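Structural features, examined
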Protein chains: 2
Amino acid sequence: MSEFRWDPLKNNWAIIAKGQSRRPQDFLQQRQVAEMSSCPFCDKNEDKTPPEIYAHRPDGSAPNQTGWKVRVIPNKFPALRIEGELDNQAEGLYDRMNGVGAHEIIIETPDHDKCLGDLSVEEIAEVLKAYRARMLDLRNDSRFRYIFIFKNHGIEASANIPHSHSQLIAVPLIPPLVATKLNTSREHFQRKERCLICDLIKQEKTATDRIVRDDGNFLVYVPYAARFPFELMIAPQEHSHDFTLQTDQKLLLLAETLRNTLLRMRAVLKDPPYSFILHNAPPMHLRWGRPDYWASFPSDYHWHIELVPKLTRVAGFEWGSGFHINPTPPEEAAEFLRNADLRNY
Amino acid sequence: MSEFRWDPLKNNWAIIAKGQSRRPQDFLQQRQVAEMSSCPFCDKNEDKTPPEIYAHRPDGSAPNQTGWKVRVIPNKFPALRIEGELDNQAEGLYDRMNGVGAHEIIIETPDHDKCLGDLSVEEIAEVLKAYRARMLDLRNDSRFRYIFIFKNHGIEASANIPHSHSQLIAVPLIPPLVATKLNTSREHFQRKERCLICDLIKQEKTATDRIVRDDGNFLVYVPYAARFPFELMIAPQEHSHDFTLQTDQKLLLLAETLRNTLLRMRAVLKDPPYSFILHNAPPMHLRWGRPDYWASFPSDYHWHIELVPKLTRVAGFEWGSGFHINPTPPEEAAEFLRNADLRNY
């Protein structure tokens, strides 16, 4: 029998199927490969993009030329624009403000044919350092209340350009699902003087059956009330509210965890399309509503990464109800990923 | 420049693109057609489904035989099971309960090759009467707090069986997005002694630029902060909290509105995959949390239908943030649909 499961972090229920659950091979399907005549994200095509904002250039090469290993550029077709004021105002019962924000592309490698999981641990760490650098820089713009880093891999996950890249979006308000997580974390902290995600990690380490990987630094596990099959949570085991405070050494450990997790997904689900998103606390000087609200307990949050392979379609029931139907029990998904044979990867 | 728009009903923001907005022809794409050797939903295949729960049989034919025009059956592969108790309990920090619920299929026509928009107004009205009958019947089961009716049309909208059908899911809790809508409606009513959706309808009728169709009975409009391109709201203009109170005459008018709206979508978007969902108030005896909470103001809600063509993919940013990026401004979408040429449909 399937179960409803409530996630105290999202304050949300999911339906977990049992019995007729889907297994990895049920999700294997033919996938399209997009081809481009000339990729703007490739080495030596630097003139096909807007000027770079950040780059990792170990050879000391000049900006907007070959020689980079990681490169950050403004999105040529941004969802939000960096210029202008918010101009927020009511429109009758509604409310509006201008689409002010930053939208950047983090090109993870100059090599068109490599994806994130193909990179070395050191190369992935440089991508993570680019995330950190861009987040720190954009915090100087007081219009932005929140900064998102996310990645879509594969056509089904909406990656329109196949060359491996992540995206950054900075927004002038706290997004609804982030606000929910911040609020549930805060309520838990205020009630118990403990971090909610620290408590969840402790419970998962006791239960063990949803853990995919535990290297003592980062914990990779399938959430109890996972909305999607093979959804994963990656969190530092040592409490930390802010990704940008991570040292180079910690980012190297995170890179190792991320690479290992991507290879497990590849081994079990045959290179599935996937998305991940970095959930971070809003920085202290970024405030929502009242000037001191998020600043008052800056460390009651716990940064983490949500990683979801795109295996199912979201349909009427899910978007209408907020319930997601997950056809693979988290414990089974974790077992498949935990036992993945990585010898060929 | 794009805009953030806040929807007081969902208490949620959406980003509305302007300037680089996508137009109907941008969404036209090749679509797969699923074929089945023998369709269990077809006329004369009644023995291939579980026994029927409801049927419209104008010829007075016996159950589970040919002669029906609309037929309701239990889903053979249900997401929820009708038997058993909830057994809700904590699991450490988590909460769980059994996946108790009803999952039914409303087969809208015996004809395999017709879809809902191909049916006559009278035939669609019979489908709506089936919705009403099943909702009324399931209210007798006090385990169910909410009853959902929804439809997925086309492969991309997750309709696995091409034969035209809707689905009913009854659940033992108020789904999160429904709870949000119920709460925002209640707060508005308590503050102003007016219905929120009545107020929205009034504002839309004054603005006029998001209205697709207004026959004086039902209003079809694109929500101000639509999450998806060409998303539509269909609501009765006369206040009504409960779909099951609609008379046969009202359902005939709704059928005409629904048919007209589907034909407009077909004309403008070339038979897109779509989903719709019927949002109804929970019945008075169905209570959530405190025994009298939803029962105390049974009529502060306003039933409506949300209709969304599936034109875009939801990716990392949307599911991680709760922000949806809508590439078509509601006013432009409404104009396309309002001016649809229906002469050939």
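Every chain is numbered on its own, with residues counted from 1 as its sequence reads. Whichever chain is written first becomes A and whichever ligand is written first becomes 1, with later ones labelled in order. Local features are withheld for residues below a pLDDT of 70 in this predicted model, meaning they are given only at 70 or higher, and side-chain atom pairs are given and counted only at 80 or more; totals for whole chains, interfaces and linings count all residues.

**Observations concerning the overall build of chain A**
Applied cut-off: Under the scheme used here, helices are H or I runs from DSSP no shorter than 4 residues and strands are E runs no shorter than 2 residues, and both carry numbers assigned from the N terminus. The exposure label follows from counting other C-beta atoms within 10 Å of a residue's C-beta, where the C-beta atoms are placed from the backbone and the thresholds are 20 or more for buried and 12 or fewer for exposed, leaving partly exposed in between. Residues are scored as being in contact if the C-beta atoms we place from backbone atoms lie within 7 Å.
Counting its regular elements, chain A contains 7 helices and 15 strands. A total of 345 residues make up chain A; the buried ones form 50% of that total. Within chain A, residue pairs in contact and separated by at least 24 positions form 69% of the contacts whose partners lie at least 6 positions apart.

**Some points on helix 1 (residues 121-138) of chain A**
The test is simple: Residue count minus one, scaled by 1.5 Å, sets the expected span of a helix.
The terminal C-alpha atoms of helix 1 of chain A lie 26 Å apart, and with 18 residues this matches the ideal 26 Å at 1.5 Å per residue to within 8%. Among all positions in helix 1 of chain A, only Ile124(A), Ala125(A), Glu126(A), Val127(A), Leu128(A), Ala130(A), Tyr131(A), Arg134(A), Met135(A) and Leu138(A) are buried.

**Here we look at the sheet that holds strand 13 (residues 274-279) of chain A**
Residue and element names in this part refer to chain A. To keep it simple, the criterion reads: The pairing criterion for strands is at least two bridges between them, as found by DSSP. Here the axes come from fitting lines to C-alpha atoms, over the contacting stretch only for helices, and the angles between their N-to-C directions go from 0 to 180 degrees.
Strands sit in the order 3-4-7-9-8-13-14-12-11-10 across an open sheet of 10 strands; the sheet is antiparallel. Edge strands, defined here as strands with exactly one partner in the open sheet, are strand 3 (54-56) and strand 10 (211-214). Direction aside, the axes of adjacent strands within the sheet are offset by 20° on average. Pairing geometry for strand 13 and strand 14 (residues 304-309), over 6 bridges, is antiparallel. Counterpart to tyrosine 274 in the pairing with strand 14 is proline 309. Against the sheet, helix 3 (residues 196-207) contacts strand 10, strand 11 (218-221), strand 12 (232-236) and strand 14, and its axis sits at roughly 70° relative to strand 11.

**Section: the packing of helix 1 of chain A against helix 4 (residues 248-269) of chain A**
Residues and elements named next belong to chain A. Test applied: By definition, turning the near helix anticlockwise from the far helix through less than a right angle yields a left-handed crossing, and turning it clockwise yields a right-handed one. In this count, Pro and Cys sit with the nonpolar residues alongside Ala, Val, Leu, Ile, Met, Phe, Trp and Tyr, while Asp, Glu, Lys and Arg are called charged and the others, Gly among them, polar.
Between helix 1 and helix 4, whose axes approach to 8 Å, the crossing angle comes to 115°. Helix 4 is crossed by helix 1, and the crossing has right-handed handedness. Together, Val121, Ile124, Ala125, Leu128 and Lys129 of helix 1 and Leu251, Leu252, Leu254, Ala255, Glu256, Leu258 and Arg259 of helix 4 make up the contact between the two elements. Here the contact of helix 1 with helix 4 is built from residues that sort into 9 nonpolar, no polar and 3 charged.

**A closer look at the nonpolar core**
Here is the rule we go by: To define a nonpolar core, we join buried Ala, Val, Leu, Ile, Met, Phe, Trp, Tyr and Cys residues through C-beta atoms within 7 Å and take the resulting set.
Core analysis: the biggest nonpolar cluster contains 174 residues, and Ile106(A), Phe148(A), Ile234(A), Ile106(B), Phe148(B) and Ile234(B) have the highest contact counts within it. Not counting residues up to four positions away in its chain, the partners in contact with Phe148(B) are Phe317(A), Ser321(A), Leu168(B), Ile169(B) and Ile277(B).

**What to know about the pairing of strand 12 (residues 232-236) of chain B**
Residue and element names in this part refer to chain B. Of all 5 residues that make up strand 12, 5 are buried, and the element is covered over most of its length. Along strand 12, one buried face is formed by Leu232, Ile234 and Pro236 and the opposite face, lined by Met233 and Ala235, is buried too. Pairing analysis gives 4 bridges linking strand 11 (residues 218-221) to strand 12, with the strands arranged antiparallel. The residue of strand 12 that forms the bridge with leucine 219 is alanine 235. Sheet topology note: the strand 12/strand 14 (residues 304-309) ladder contains 3 bridges and is antiparallel. Along strand 14, the bridge assignment pairs methionine 233 with glutamate 306.

**Some details on the environment of Tyr224(A)**
Residue and element names in this part refer to chain A. Mapped onto the elements of the fold, tyrosine 224 is located in the loop between strand 11 and strand 12. Residue classification places tyrosine 224 among the buried positions, given that 27 C-beta atoms sit within 10 Å. The spatial distance from the C-alpha of tyrosine 224 to the C-alpha of glutamate 331 is 8.2 Å, given a sequence separation of 107 residues.

**Details of the confidence of the model for chain A**
All names here are of chain A. Keep this limit in mind: Per-residue confidence from the predictor is reported as pLDDT, a score between 0 and 100.
The pLDDT averaged across chain A works out to 85; a share of 84% of its residues lies at or above 70. Scored below 50 in pLDDT, residues 27-34 makes 11 contacts in the model with residues more than four places away or belonging to other chains. The low-confidence segment residues 285-292 (pLDDT under 50) makes 14 contacts with residues lying over four places distant or belonging to another chain.

**As for helix 4 (residues 196-207) of chain B**
Residues and elements named next belong to chain B. Using the following cut-off: In this context, the arc is that of the directions from the helix axis out to the C-beta atoms.
Look at helix 4: 17 Å from first C-alpha to last across 12 residues, which is about the 16 Å you get at 1.5 Å a residue. The complete set of buried residues in helix 4 reads Leu196, Ile197, Leu200, Ile201 and Glu204. All buried residues of helix 4 project into a common sector of 135° when viewed along the axis, lining one side. Here the buried face of helix 4 lies against helix 3 (176-192), strand 10 (211-214), strand 11, strand 12 and strand 14. Looking one or two residues beyond helix 4, the residue adopting positive phi is threonine 208, at roughly 65°.

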